[in-house]
Every structure is written in C-alpha cells, then in structure tokens.
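Structural features, examined
Listed below are the residues making up each chain.
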Amino acid sequence: RVVRSGGERIALMSEPSDADELAALTTTLKRHLQRRQRAGLGYLPKASPAPAKTVRPTDKPNVLGGTELDMLADNSAALQTESLDDLRAAIGDCQRCKLCAGRTHIVFGVGDPHAKLMFVGEGPGRDEDLQGEPFVGRAGQLLTDIITKGMGLKREDVYICNVVKCRPPENRNPEPDEVAACEPFLKKQIDIVRPDIIVGLGKFAVQTLMSSKVPIGKLRGTWASYHGIKLMPTFHPAYLLRNPADKKLVWEDIKLVIKEMRGENT
Ligand code: URA
C-alpha cells in the first residue's frame, strides 16, 4: 500500500473507539430490527434449543408485499460474502426497498476490487440507471476528468460506487428507509475493497458515511475517518456543474488526496 500510517497528521487522526464501534453496532442492529418490524416479521426469534417442530418461513406475502422467505434470504448471505462478485450475486434482483419499482438496473459499483482509492456518491441518475454503471452521465464525466486529468489515474484503477444502488425517482435524495436497506452493502463493499482512502462525493454521501448533519461546505477539505479509513469529504461533481467556481475547492481537496497517496502529507 502506498499510503503509510505515519506522520504527524495521521497520528492526530483517532481510530474509532470501542464506544464508537458499539454505537455503530447498536445503530445497525436497531435498523435491522426496524426493517424486520416494517416487513411484518416482529422482533428476533426467541432462542429455542430444540424446537418441537421445524417452523419454516412462509412465502405468504407480508404487509410490504414481500415474504418471510425474501427477508430471511436477504442480508445474511450477502454480508458473509468475501468478494465483490459474490456480494453482487447475493444482492440479486433486489426488492429490499421501494426504489426497486422504478429502476432499470442495479448500479452496484465499478473498478479495481483492490483499489487504494474509492469514490462514493449518492445514487444513480438516469444515465447510470440505464447503463448499470456509476458516474457515467455529465457529472460522471467530470468525475472521470478529476480521476484521469487531475490525478493521473485511470477509472479502472479506482473503485466507484454509491450509497444507494437504485435510482431514486426524479433524482430525489434517497429516503432513510432506502439508505437503511442499502447501506449494509456499501459497508460490505468498503470492507471487501479495503481502500486506503475514500473520497466522499457530496453532502449526502459524506453525511451518510460520517453519520453527521454538518453541512458539506464545513466538512470538505478536512480529513475524517470512516472506521479507520481516511475519508476526504468534497463537493459532488453535479454540484460543480452548477457551481463551476467551486471546482478550485475540489481541486484543493483532491491535491490533499494525491499527497496522501504519495505519502507526502505531514
Ligand atoms: N450522481 C451520483 O451520486 N452517483 C452517480 O452514479 C451518478 C450521479
């Protein structure tokens, strides 16, 4: 790995504490229980050492039109995978949230499965939905320019994905239940790729990764940490298309990333 954990700047960054880890686990468990409850599955089954009779999940539709079988078959398989291909396969023809109704393709992610650098955006737009690949529209072209012309890398050298994998209607922000359904897969992607650096693109992705409500204008340009991985928050390329004067700020952020990848940050 090019990036080293040395130098004053990195030494100042704290690893997540046990309390942080516990809080993250509690949040994940809470969301899981809420999802089960919304799907009409109630809370966790009571542990029972020797059930008299095997109770099988039914394929009777629940309140959301899904079935217990769907629910039980979903995340546990996906979250035990060890490669991106297996994770994508385990996600399958996902029906875990309402975004499935309007999508053309699930936009999983693209790039080097062992990339040192990962970009995380919000969710697919129209072009991405049609092509099944993240950041291929106008904003995507700008991101590609940042990677190729700005950083001197190829798109294939990095890994690119989004918080949610299906296009929200009219490109609205993903809703909390949609993020809750999809976030475990983003976490798993990060866990599998294990990049040295994540660049969070825009308010939505950054606030999701940082579990923060602080405005992106305040967060950008300062190193943060995502479970021990260096996280650089910056503006979204779509925002830059509307506000080209802020491109210079993104370039400042990207220069910090380049320095960090070269091991030059002090
Ligand atoms: N905007 C995003 O956040 N992601 C994409 O993939 C495309 C546009």
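These figures come from a predicted structure and were not determined experimentally.

**Some words on the site of the ligand**
- The environment of the ligand is formed by G121, E122, G123, E128, P134, F135, N162 and H236.
- Backbone polar atom of F135 to an oxygen atom of the ligand: 3.0 Å apart, as the coordinates give it.
- When the free accessible area of the ligand is taken as 240 Å², the share hidden by the protein chains comes to 91%.
- By residue class, the composition of the shell around the ligand is two nonpolar, four polar and two charged.

**Points about helix α7 (residues 138-150)**
- In this model, α7 (13 residues) spans 17 Å end to end at C-alpha, consistent with the 18 Å of a helix rising 1.5 Å per residue.
- What α7 keeps buried is the set A139, G140, L142, L143, T144, I146 and I147.
- Turning to α7, the residues buried within the fold contact β2 (117-121), β3 (159-162), β4 (197-201), α11 (237-242) and α12 (247-261).
- Downstream of α7 by a residue or two, G152 has a phi angle that is positive, lying close to 70 degrees.

**Quick look at the pairing of β3**
- Neither face of β3 is open: one carries Y159 and C161, the other I160 and N162, and all of them are buried.
- Across two bridges, strand β1 (residues 110-111) lies against β3 in antiparallel orientation. Note on β3: the bridge partner recorded for V110 is I160.
- The pairing of β2 with β3 spans four bridges and is parallel. Residue G121 lies in a different strand from β3, and its bridge partner there is N162.

**A short note on the nonpolar core**
- M118, V120, Y159, V163, I190, I198 and L209 are the most contacted members of the largest nonpolar core, which has 33 residues in total.
- At eight residues, the largest contribution of residues to this core is made by helix α8 (residues 176-193).
- The contacts of I198, once residues within four sequence positions are left out, are M118, V120, I190, L209, Y226, I229, K230, L231 and M232.
- Of all hydrophobic cores here, the second largest spans 25 residues; its members include L143, I147, L201 and W223.

**Concerning the pairing of β2**
- Along β2, five of the five residues are buried, which leaves the element largely enclosed by surrounding structure.
- Burial along β2 is two-sided: L117, F119 and G121 facing one way and M118 and V120 facing the other are all buried.
- Direction of pairing for β2 relative to β4: parallel, over a ladder of four bridges. Across the sheet, V120 pairs through a bridge with G200, a residue of β4.

**Looking at the packing of aromatic side chains**
- Taken as a whole and assessed by the stated rule, the structure comprises one aromatic pair.
- Look at F235 and Y239: their rings are 4.6 Å apart centre to centre, the planes differ by 35 degrees, and that puts the pair in the tilted class.

**Re the sheet that holds β3**
- Spatially, β1-β3-β2-β4-β6-β5 is the arrangement adopted by the six strands of the open sheet, whose pairing is mixed. Edge positions in the sheet fall to β1 and β5 (224-226), since each has one partner strand and no second.
- Sheet topology places β4 next to strand β6 (residues 229-234); five bridges connect them, and they run parallel. Among the inter-strand pairings, I198 is bridged to a residue of β6, identified as L231.
- Sheet contacts for helix α9 (residues 202-210): β2, β4, β5 and β6; angle to β4, the most-contacted strand, approximately 130 degrees.

**Regarding α12**
- The end-to-end C-alpha distance of α12 is 21 Å, a good match for the 21 Å that 15 residues give at a rise of 1.5 Å each.
- Of all the positions in α12, only V250, D253, I254, V257, I258, E260 and M261 are classed as buried. Projected down its long axis, α12 carries its buried residues within an arc of 160 degrees, all on one side.

**Topic: the pattern of salt bridges**
- As enumerated under the stated definition, the model contains 13 salt bridges in all.
- Linking D177 and K98 is a salt bridge whose minimum nitrogen-to-oxygen distance equals 2.7 Å. Of the two residues, D177 sits in helix α8 while K98 sits in the loop between α5 (84-91) and β1, which places them 79 residues apart along the sequence.
- Owing to a relative accessible area of 28%, D177 belongs among the partly exposed residues under this scheme.
- A relative accessible area of 42% means that K98 is categorised as partly exposed.
- R220 is the salt-bridge partner of D253, the closest N and O atoms lying 2.7 Å from each other. Note that D253 is positioned in helix α12 and R220 in the loop between α10 (216-219) and β5, a separation of 33 residues in sequence. For the residue pair D253 and R220, the accessibility class agrees, reading buried in each case.

Calculation criteria
Residue numbering note: each chain is counted from 1, following its sequence as written. Where totals are concerned, whole chains, interfaces and linings use all residues; where local detail is concerned, this predicted model gives features only for residues with pLDDT of at least 70, and gives and counts side-chain atom pairs only at 80 or more. Only heavy atoms go into the side-chain values, all of them from the structure, while hydrogens and water stay out. One heavy atom within 4 Å of a molecule or strand is enough for the residue carrying it to be called near that molecule or strand. Counted as a polar contact is a pair of N or O atoms within 3.5 Å, where, for protein atoms, one must be capable of donating a hydrogen and the other of accepting one, and residues adjacent in sequence contribute only when both atoms are in side chains. Accessible surface area values rest on a Shrake-Rupley calculation with a 1.4 Å probe, where residue burial reflects the displayed protein chains alone. Gly is put with the polar residues, along with every residue not named as nonpolar or charged; the nonpolar set is Ala, Val, Leu, Ile, Met, Phe, Trp, Tyr, Cys and Pro, and the charged set is Asp, Glu, Lys and Arg. Put simply, DSSP H or I for four residues or longer makes a helix, DSSP E for two residues or longer makes a strand, and each gets a number counted from the N terminus. Expected span of a helix, by definition, is 1.5 Å for each gap between consecutive residues, and there is one gap fewer than residues. Remark: exposure states derive from per-residue accessible area (1.4 Å probe, protein chains only) relative to the maximum for the residue type, with buried under 20%, exposed over 50%, and partly exposed in between. In what follows, residue pairs with any heavy atoms lying within 4.5 Å of each other are defined as contacts. By the convention used here, strands pair only if DSSP detects at least 2 bridges between them. By nonpolar core is meant a set of buried Ala, Val, Leu, Ile, Met, Phe, Trp, Tyr and Cys residues that side-chain atoms within 4.5 Å join together. In this scheme Phe, Tyr and Trp rings, the latter by its six-membered ring, pair at centre separations within 6.5 Å, and the angle between planes marks the pair as stacked below 30 degrees, edge-to-face above 60, and tilted otherwise. Between the N-to-C directions of two axes lies an angle of 0 to 180 degrees, each axis being a line fitted to C-alpha atoms and, for a helix, fitted only over the stretch in contact. In this description, one arc is meant: the one made by directions from the helix axis to the C-beta atoms. A pair is scored as a salt bridge if a Lys or Arg side-chain nitrogen falls within 4 Å of a carboxyl oxygen belonging to Asp or Glu.

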